[in-house]
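Architecture at a glance
Letter by letter, the chains look like this.
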Amino acid sequence: MTLLTVWPDDRPGEIALRTEDPAVITGELGRLGVRFERWDLVEDLPREVTPEQVLAAYEEPIAKVSAAEGYTFVDAVRMTPSDEPGWAATAAEARQKFLAEHTHDDDEDRFFARGAGVFYLHVGGKVYAVLCEAGDLLSVPANTTHWFDMGTRPDYVSVRFFHDDGGWVGNFTGATLAGDFPGFDELTAGRY
């Protein structure tokens, strides 16, 4: 179940809101200009699903979002835990890349076909942690300060939407705020 946790940005130990109620989550995020939707899941995706299989499985809702938002490029990415040598280092490197607070000049739309990740939005003196799970689509508006945590053992399949083939370029703020708030592993403790 999707989880929204909100803190004052200067008091990470003080939870202002914690909810799994989809209507409350949609309303809170909507006030920030963030779109949140739930899609029906395709249940029979293979564990080692390819990007092509993901895009084909969700072809209709992807086409609707692309048409409505003017996206011209869509891809799918997968992080699946492995005991292969080097996987832990690759996962740690991928995680670290997104943990610093940043913005993008473009919207960041992501749909989770499997697994989970946490988007942290830093807006109006608050930090909004959105634990997105399978079936969630989150659209972070351009120039919204945020960071993303996939956890220490990333396990997700997501669809990403772009207005051009260049993808997102992070404009890092240099702030260290992200390290003050509970990460993916803490927010999901006991859930998986």
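Report follows, based on the coordinates. (Residues numbered from 1 in each chain as written. Predicted model: local features only at pLDDT ≥ 70, side-chain atom pairs only at ≥ 80, totals over all residues. Heavy atoms only, no water.)

1. Some points on unusual backbone geometry
- We note that Asn143 has phi near 65 degrees; this positive angle belongs to a residue other than glycine.
- With respect to the helices, strands and loops of the structure, Asn143 is situated in the loop between β8 (136–140) and β9 (146–149).
- By relative accessible area, which is 52% here, Asn143 ends up exposed. (Helix = DSSP H or I, 4+ residues; strand = E, 2+ residues; numbered from the N terminus. Buried < 20%, exposed > 50% of the residue type's maximum accessible area, 1.4 Å probe, protein only.)

2. Some remarks on the packing of aromatic side chains
- Inspection of the entire model under this criterion finds 13 aromatic pairs.
- The interplanar angle of 10 degrees and the centroid separation of 4.9 Å between the aromatic rings of Tyr120 and Trp147 together place this pair among those described as stacked. Residue Tyr120 is found in strand β6 (residues 108–123), and its partner Trp147 is found in strand β9; the two are separated by 27 residues along the sequence. For the pair formed by Tyr120 and Trp147, the shared burial category is buried.
- Members of the aromatic cluster, each reached through a chain of ring pairs, are Phe98, Phe112, Phe119, Phe148 and Tyr156.
- Across from the ring centre of Phe148, 4.8 Å away, lies the NZ or CZ of Arg110, which sits over that ring. (Phe/Tyr/Trp six-rings, centres within 6.5 Å; stacked < 30°, edge-to-face > 60°. Lys NZ or Arg CZ within 6 Å of the ring centre and 35° of its normal.)

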